[in-house]
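Descriptive analysis of the structure
What follows is the residue order along each chain.
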Amino acid sequence: MLKKKDKYIIAVVGATGVVGNEMLKILEERNFPIEELRLFASERSEGKTLNFHNKAVPVEMLGETVFKGIDIALFSAGGERSKHFAPIAVKAGCIVIDNSSVWRMDPDVPLVVPEVNPDDLKWHKGIIANPNCSTIQMVVVLKPVHDAAKIKRVVVTTFQSVSGTGKKAMDELLHQTTDILNFKDVKPNVYPHQIAFSCLPHIDKFMEGGYTKEELKMVNETKKILGDDSIKITVTTVRVPVFRCHSESVNIETEKKLPANEVRALLSTTPGIIVYDVPEENLYPHPADVAGKDEVYVGRIREDESIKNGINMWIVADNLRKGAALNAVQIAEKLIEAS
Ligand SMILES: NC(=O)c1ccc[n+]([C@@H]2O[C@H](COP(=O)([O-])OP(=O)(O)OC[C@H]3O[C@@H](n4cnc5c(N)ncnc54)[C@H](OP(=O)(O)O)[C@@H]3O)[C@@H](O)[C@H]2O)c1
C-alpha cells in the first residue's frame, strides 16, 4: 500500500518514448504532487535531459538497483523491461503501474480503468496493469451500457493510429508520406507493408484461429475489467495512417432495449465521456479533433435495425493520453486518494 505523504518520489521508466513523454506532460499539467522525478530509459539515452516544470531532469539508465526510495514507477519501456524490472521494483518497495501487456491477464494483477473498476485497486500486490489503448476507450463506454441494459455481444472494428506502435512507427509514416509525395520508393520497416496512404488489418502477431494478439487482448481484457466472462466480443483491428487517436466502430447487442436517445443521455452524464453527435451538422468525433484531449468521444449513436436490441456507435480517444499515459496517471492519483 502507498504511504500517505504530501509529495511522492515518482519514476517514469521509458521516459524518452512517446508514452513516457506524454506522461511527463500529464504529470506537469495535473500538478501531480512530486517530491522528486526520476527518469529512466536505455543506455542510448544516458546523458540526455528532459524538461519538467522548466527544469532539466537527467535521464538515467534503467538498472536493477535504481528503485530504492521510489514510491510509484510508471513503466512504459516495453514488455521485456516490465517483465524483468517490475518485480524488482516491487521488492524495493515501489508500486508499479505498467503499460505493457505482460502483466494484464495475471490473476494477481488488477487491470484498471479508473472510471470503470477503481475498486480493483484495493487488491493490488505491487503491480497494477494499464489496459491496452483500444480496450480502455471501449470499456469506458461499455460500462454504463452494461450496467443499464446488460451487454450480450460486442462487434468492434478499430482504426488505430501509428503512435500506438511508438516513435519509430510515427517516423515511418512521416518519411513514407514525404517520400511518396516526392516520387521516391518506399521501403517498409516497422510494419510489413507500406502504411502511408494505406491501411493494414494486422496489429501485433497472428495467433491460432486467425485473430491477431491485439484482437485477443481486447476480448480478454474487456471481460477482466468488466468482471463478466459472459459478454461475447469479436474484434478486427486495423492500423491506419493517422498519427494520433484510435477510432472504433462498435456494435453492441444488449439484453434490455436501450433506445438511441437513452444511450446518448446515459453517456452524456458519464464522467470521462463526451457525446459529440449532431450528424445533421456533420458533427462527430474524428482524430484530428480529438488528438490532445483527455476524454473519450462518442458519436454516430444509432439503433442497429438488423437486430432487436442493438446500438451502433463511433468511439474516438487519444491513444497516448486516455489510452496510455493519462490512464496510468489517473491510477496513481486514485492510489494517493486511497492512501
Ligand atoms: N503508444 C501507445 O499508444 C501505447 C499504448 C499503451 C501501451 N503502450 C506500451 O508502452 C510501452 C512504450 O511504448 P511507446 O509507444 O512509448 O514506445 P517508444 O516510443 O518506442 O518508447 C520506448 C521507450 O522504452 C525505452 N526502452 C527501450 N529499451 C529499453 C531498455 N533496454 N532499457 C530501458 N529502457 C528501454 C526507450 O528508451 P530509449 O529512448 O533510450 O531507447 C523509450 O523510452 C510499450 O510497452 C507499449 O506496448 C504504448
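Another aspect to go through is the site of the ligand. Among the 26 residues in the neighbourhood of the ligand, the closest are listed as Thr16, Ser42, Arg44, Ser45 and Ser163. Here a nitrogen atom of the ligand and a side-chain polar atom of Arg81 are 3.4 Å apart. Taking Asn319, its side chain carries an N or O atom lying 3.1 Å from an oxygen atom of the ligand. Contact with the protein chains hides 79% of the accessible area of the ligand, taken as 900 Å² for the molecule alone. Of all elements in the fold, only α1 (18–29) and α8 (321–338) reach the threshold of two or more residues within the shell around the ligand. Of the residues belonging to the shell around the ligand, the class tally is 9 nonpolar, 14 polar and 3 charged.

Next up on the list: the sheet that holds strand β3 (residues 49–52). If you trace the 7 strands from one edge of the open sheet to the other, you get β3-β4-β2-β1-β5-β6-β7, paired in mixed fashion. What marks the edges here is a single partner per strand, and that holds for β3 and β7 (127–129). Along the sheet, successive strands turn relative to each other by an average axial angle of 25 degrees, direction set aside. One ladder, built from 6 bridges, connects strand β1 (residues 8–13) with strand β2 (residues 34–41); its direction is parallel. Within β2, the residue paired with Ala11 across the bridge is Arg38. Packed on one face of the sheet, α8 meets β1, β5 (72–75), β6 (95–98) and β7 and runs near 150 degrees to β6.

Mapped onto the elements of the fold, Gln160 is located in strand β8 (residues 151–160). Separated by 3.0 Å, the side chains of Gln160 and Glu214 make a polar contact. Not counting the four nearest positions on each side in its chain, Gln160 is found in contact with Ser134, Ile203, Glu214, Thr237, Val238, Arg239, Val240 and His246.

So, on to the pairing of strand β10 (residues 246–254). Across the 9 residues of β10, 7 count as buried, placing the element largely inside the fold. Sheet topology places β8 next to β10; 8 bridges connect them, and they run antiparallel. Across the sheet, residue Thr158 finds its bridge partner in β10, namely Glu248. With 8 bridges joining them, β10 and strand β13 (residues 310–317) adopt antiparallel strand pairing. Directly across from Glu253, in β13, lies its bridge partner Gly310.

Before going further, it helps to spend a moment on the packing of aromatic side chains. The geometry of two aromatic rings is summed up by the distance between their centres and the angle between their planes. Overall, the coordinates contain 4 aromatic pairs when judged by the stated rule. Centre to centre, the rings of Phe67 and Phe75 are 6.0 Å apart; their planes meet at 15 degrees, and the pair counts as stacked. The exposure classification of Phe67 matches that of Phe75, with both residues buried. Centre to centre, the rings of Tyr276 and Tyr297 are 6.3 Å apart; their planes meet at 80 degrees, and the pair counts as edge-to-face. With a gap of 21 residues between them, Tyr276 in the loop between β11 (273–275) and α7 (287–290) and Tyr297 in strand β12 (residues 296–303) connect regions that are remote in the sequence. Three or more aromatic residues joined by ring pairs form one cluster here, namely Phe40, Phe67 and Phe75.

This part is about α1. Here α1 is 12 residues long and its end C-alpha atoms lie 17 Å apart, about the 16 Å a rise of 1.5 Å per residue gives. Of all the positions in α1, only Val18, Val19, Gly20, Glu22, Met23, Leu24, Ile26 and Leu27 are classed as buried. Lining the buried residues of α1 we find β1, β2, β3, β5, α4 (167–181) and α8. Where α1 terminates, the next one or two residues include Asn31, which has phi positive at roughly 50 degrees.

Let us now look at the sheet that holds β10. If you trace the 6 strands from one edge of the open sheet to the other, you get β9-β8-β10-β13-β12-β11, paired in mixed fashion. Of all the strands in the sheet, the pair left with one neighbour each is β9 (232–239) and β11. Neighbouring strand axes in the sheet, compared pairwise and without regard to direction, differ in orientation by 20 degrees on average. Taken strand by strand, helix α3 (residues 133–149) contacts β8, β10, β11, β12 and β13, and its axis lies near 25 degrees from that of β10.

Structurally, the position occupied by Val154 is in strand β8. Judged by relative accessible area, which is 0%, Val154 ranks as buried. In sequence terms Val154 and Ala291 are 137 residues apart; their C-alpha atoms lie 25 Å from each other. In contact with Val154, other than residues within four places in its own chain, are Met138, Leu142, Ile231, Lys232, Ile233, Thr234, Val250 and Asn251.

This part takes up the nonpolar core. Counting residues in each nonpolar core, the largest one holds 55 residues, and the members touching the most others are Phe67, Leu267 and Met313. Here the element with the most residues in this core is α3; it accounts for 8 residues. Among all residues touching Phe67, those that are not within four sequence positions of it are Val13, Leu62, Phe75, Phe85, Ile88, Ala89 and Ala92. Counting 45 residues, the second largest nonpolar core, distinct from the first, contains Ala15, Met170, Leu173 and Leu200.

What counts and what doesn't
- For every chain, the first residue of its written sequence is number 1, and the numbers climb from 1 along that sequence.
- Local features in this predicted model are restricted to residues of pLDDT 70 or higher, and side-chain atom pairs are both shown and tallied only at a pLDDT of 80 or more, whereas totals for entire chains, interfaces and linings draw on every residue.
- For the side-chain quantities, the full set of heavy atoms in the structure was used; hydrogens and water were omitted.
- Nearness of a residue to a molecule or strand requires only that one of the residue's heavy atoms be within 4 Å of it.
- Residues adjacent in sequence count toward polar contacts only when both atoms are side-chain atoms; beyond that, a polar contact is any pair of N or O atoms within 3.5 Å, and within protein one must be able to donate a hydrogen and the other to accept it.
- In short, Shrake-Rupley with a 1.4 Å probe defines the accessible areas, and a residue's cover is counted only from the protein chains shown.
- By the criteria applied, helices consist of DSSP H or I runs no shorter than four residues and strands consist of E runs no shorter than two, each listed in order from the N terminus.
- Gly is placed with the polar residues, together with every amino acid not listed as nonpolar (Ala, Val, Leu, Ile, Met, Phe, Trp, Tyr, Cys and Pro) or charged (Asp, Glu, Lys and Arg).
- Following DSSP output, two strands are said to pair if at least two bridges run between them.
- Between the N-to-C directions of two axes lies an angle of 0 to 180 degrees, each axis being a line fitted to C-alpha atoms and, for a helix, fitted only over the stretch in contact.
- Residue contacts are defined here by distance: any two heavy atoms, one from each residue, within 4.5 Å place the two residues in contact.
- For every residue, the accessible area (1.4 Å probe, protein chains only) is compared with the maximum for its type, and the residue is labelled buried under 20%, exposed over 50%, or partly exposed between those bounds.
- Only Phe, Tyr and Trp rings are paired, with Trp represented by its six-membered ring, and only when their centres lie within 6.5 Å; those with planes under 30 degrees apart are stacked, over 60 edge-to-face, the remainder tilted.
- How far a helix is expected to stretch is found by multiplying one less than its residue total by 1.5 Å.
- Among the buried residues, those of types Ala, Val, Leu, Ile, Met, Phe, Trp, Tyr and Cys that are joined through side-chain atoms within 4.5 Å form a nonpolar core.

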